[in-house]
Amino acid sequence: MTPLLAGAVFTARQACSDGQVKKKRGADMIVAANWKMNPALDQAAVLATALASQPFFEIKRILFVPHPYLVPMSVRLTGAPLQIGGQDCHFADHGAYTGDVSAGMLRDCGASTVLLGHSERRSAHGESSDLVAQKIKAALAQNLDVVLCVGETKAERDDKKAEQVVIDQLQASIPDNTPPTRLTIAYEPVWAIGTGAVASPDDIGAMHHIIASVLSERFGAGALPPILYGGSVNAENAGSIFAVPLVGGALVGGASLDADAFAAICTAAQLASRNEG
Ligand code: PEP
């Protein structure tokens, strides 16, 4: 285990106080939808059409859709201010991997980005951070941007191991030579995903500082990738989450399947972006 460095927290605070991080956050607020294995294709088409008509030009919106929907959603969203992404990829370019999808296949089907290391992949598919690092390498080699998920379980938080777990995940999942401009981190406490239990602003802020510290040691304080929060974000709580320093947006599961709820979260992100810009 990598020791938790008190000095690293100071580095993140420095990055905050010199204004660089705030400015970057304002320019780059991101709201990403993780549709998971939802909804039915006809409902997905209706949802995508509604999202395409929503005027959010000051933030970045990404839809992580089920792989079979990449082509129909890319066609439907041609010219719309939304990026499309896959929810996973294999580390290999091709081969005897039944049921898997390569990064190149995602790109060829219209994806510009890929979600990797989601806790549902880590737990249900036994994905380690070392495997996630191989997948990130494959994605970057195919010119896909990456949203990397990290986060602790309830037991790990109760054991006061949350910070160390997240540091270890970051250090083991991000390969050497990853360009920071191609990477986004989503801090998603596992116990908050799909449960309605949101982390407190203080806990979100504390963990974002830790993550910023790790990233600033890796990339430099002026080149921090955006750091999103994910875990039961909804129309009601988005504004207070986006008010937390260093939160650069949200990864949204359940609420992203409702066009109005997603729009309300995007509105909150746009307002936070204007306040910071
Ligand atoms: C997620 O699956 O990444 C997620 C954050 O889900 P939810 O918003 O439903 O908690």
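Here the structure is a predicted model, which is why all the values come from computation and not from measurement.

Cut-offs used in this document
- Each residue is numbered by its place in its chain's sequence as written, counting from 1.
- Two thresholds apply to this predicted model, a pLDDT of at least 70 for residue-level local features and 80 or more for giving and counting side-chain atom pairs, whereas whole-chain, interface and lining totals are computed over all residues.
- Here the side-chain values reflect all heavy atoms present in the structure, with hydrogen atoms and water set aside.
- Each helix corresponds to a stretch of at least 4 residues labelled H or I by DSSP, and each strand to a stretch of at least 2 residues labelled E; elements are numbered beginning at the N terminus.
- Here the expected length of a helix is defined as 1.5 Å per residue gap, with one fewer gap than residues.
- Type-normalised accessible area, obtained with a 1.4 Å probe on protein chains alone, sets the label of each residue: buried when under 20%, exposed when over 50%, and partly exposed for intermediate values.
- Two N or O atoms form a polar contact when they lie within 3.5 Å of each other; inside protein one atom must be a possible hydrogen donor and the other a possible acceptor, and for residues adjacent in sequence the pair counts only when both atoms belong to side chains.
- Residues are treated as being in contact if the distance between any of their heavy atoms lies within 4.5 Å.
- What makes two strands pair is DSSP finding at least two bridges between them.
- What counts as an axis is a line fitted to C-alpha atoms, over the stretch in contact for a helix, and the angles between N-to-C directions run from 0 to 180 degrees.
- Residues are labelled near a given molecule or strand when at least one of their non-hydrogen atoms is within 4 Å of it.
- The accessible surface values rely on the Shrake-Rupley method and a 1.4 Å probe; as for residues, cover is taken only from the protein chains in view.
- Side-chain classes follow a simple rule in which Ala, Val, Leu, Ile, Met, Phe, Trp, Tyr, Cys and Pro form the nonpolar group, Asp, Glu, Lys and Arg form the charged group, and the remainder, Gly included, forms the polar group.
- When an angle is under 35 degrees it counts as roughly parallel; over 145 it counts as roughly antiparallel; between 65 and 115 it counts as roughly perpendicular; any other value is oblique.
- Crossings are classed by handedness, with left-handed meaning an anticlockwise turn of the near helix from the far one by less than a right angle and right-handed meaning a clockwise turn.
- A right-handed crossover is one whose linking path, passing over the helix from the first strand to the second, runs clockwise when the strands point away from the viewer.
- For this analysis, a salt bridge means a side-chain nitrogen from Lys or Arg found within 4 Å of a carboxyl oxygen belonging to Asp or Glu.

> Could you give an account of helix α12 (residues 259-276), naming the residues involved and the relevant values?
Helix length check: α12, at 18 residues, gives a terminal C-alpha distance of 25 Å against a target of 26 Å (1.5 Å per residue), a fit within 8%. Where α12 is concerned, the buried positions are Ala259, Ala261, Phe262, Ala263, Ile265, Cys266, Ala268, Ala269, Gln270, Ala272 and Ser273. Its side-chain oxygen 2.9 Å from the backbone nitrogen of Asp260, Asp258 forms the N-cap of α12.

> Go over helix α7 (residues 129-141) with me, naming the residues and quoting the values.
Look at α7: 18 Å from first C-alpha to last across 13 residues, which is about the 18 Å you get at 1.5 Å a residue. Those residues of α7 that fall on the buried side of the exposure criterion are Ser129, Val132, Ala133, Lys135, Ile136, Ala138, Ala139 and Leu140. Buried positions along α7 lie against α5 (103-108), β4 (113-116), α6 (119-124), β5 (145-150) and α9 (162-173). Following α7 by one or two positions, Asn143 adopts a phi angle in the positive range, close to 65°.

> An account of the environment of Ala199 is requested, with residue identities and associated values reported.
For Ala199, the position within the fold is in the loop between β6 (183-187) and α10 (201-219). Judged by relative accessible area, Ala199 falls into the buried class, the value being 5%. In the structure, Ala199 is positioned 11 residues away from Glu188 in sequence and 9.2 Å away in space, judged by C-alpha atoms. Once you skip the residues sitting within four places of it in the chain, Ala199 turns out to touch Pro189, Trp191, Ala192, Ile204 and Tyr229.

> Explain the sheet that holds strand β3 (residues 83-86) to me, using residue names and the numbers behind them.
The sheet built from 8 strands closes into a barrel, its strands ordered β1-β2-β3-β4-β5-β6-β7-β8 with parallel pairing. Averaged over all pairs of adjacent strands, the angle between strand axes in this sheet comes to 25°, irrespective of strand direction. Two elements, strand β7 (residues 227-230) and strand β8 (residues 249-252), share 2 bridges in a ladder whose sense is parallel. Pairing of Gly230 across the sheet is with Leu251, part of β8. Here α9 sits on the sheet in contact with β5 and β6, set at roughly 150° to β5.

> I'd like to hear about the site of the ligand, residue by residue, with values.
Every one of the 14 residues lining the ligand counts as a neighbour, but Lys36, Glu188, Gly194, Ser232 and Gly253 are closest to it. Between the ligand and Gly194, the relevant distance is 2.6 Å, taken from an oxygen atom to a main-chain nitrogen or oxygen of the residue. Note that an oxygen atom of the ligand is positioned 2.7 Å from one of the backbone N or O atoms of Ser232. Here the ligand loses 96% of its free accessible area of 290 Å² to cover by the protein chains. Broken down by class, the residue content of the shell around the ligand amounts to 4 nonpolar, 8 polar and 2 charged.

> So what's going on with the packing of α7 against α9? Residues and values would help.
For the pair α7 and α9, the least separation of the axes is 8 Å and the interaxial angle reads 40°. As judged from the angle between their axes, α7 and α9 are oblique. Where α7 crosses over α9, the two elements pack in a sense that is right-handed. Touching Ser129, Asp130, Val132, Ala133 and Ile136 of α7 are Gln169, Ala172 and Ser173, all from α9. Residue classes in the contact of α7 with α9 are distributed as 4 nonpolar, 3 polar and 1 charged.

> Tell me about the pairing of β3, and name the residues and values.
With 3 bridges connecting them, strand β2 (residues 60-64) and β3 associate as parallel partners. Pairing of Phe64 across the sheet is with Gly85, part of β3. Of the pairings in the sheet, the one linking β3 to β4 comprises 2 bridges and is parallel in character. Bridge pairing in β4 links Gly85 to Thr113. Tracing the backbone out of β3, into α5 and back to the parallel element β4 gives a crossover that is right-handed.

> Tell me about the pattern of salt bridges, residues and numbers included.
Inspection of every chain in the model, using the stated rule, returns 12 salt bridges. Here Arg182 ties to Asp145 by a salt bridge, and the two come within 2.8 Å at their closest N and O atoms. Taken together, the residues Arg182 in the loop between α9 and β6 and Asp145 in strand β5 connect sequence positions 37 residues apart. The partner of Arg157 in a salt bridge is Glu152, and the shortest N-O contact between them spans 2.7 Å. For Arg157, a relative accessible area of 24% gives the class partly exposed. By relative accessible area, Glu152 is classed as buried at 0%.

Without other data, these values stay purely geometric and don't point to any function.
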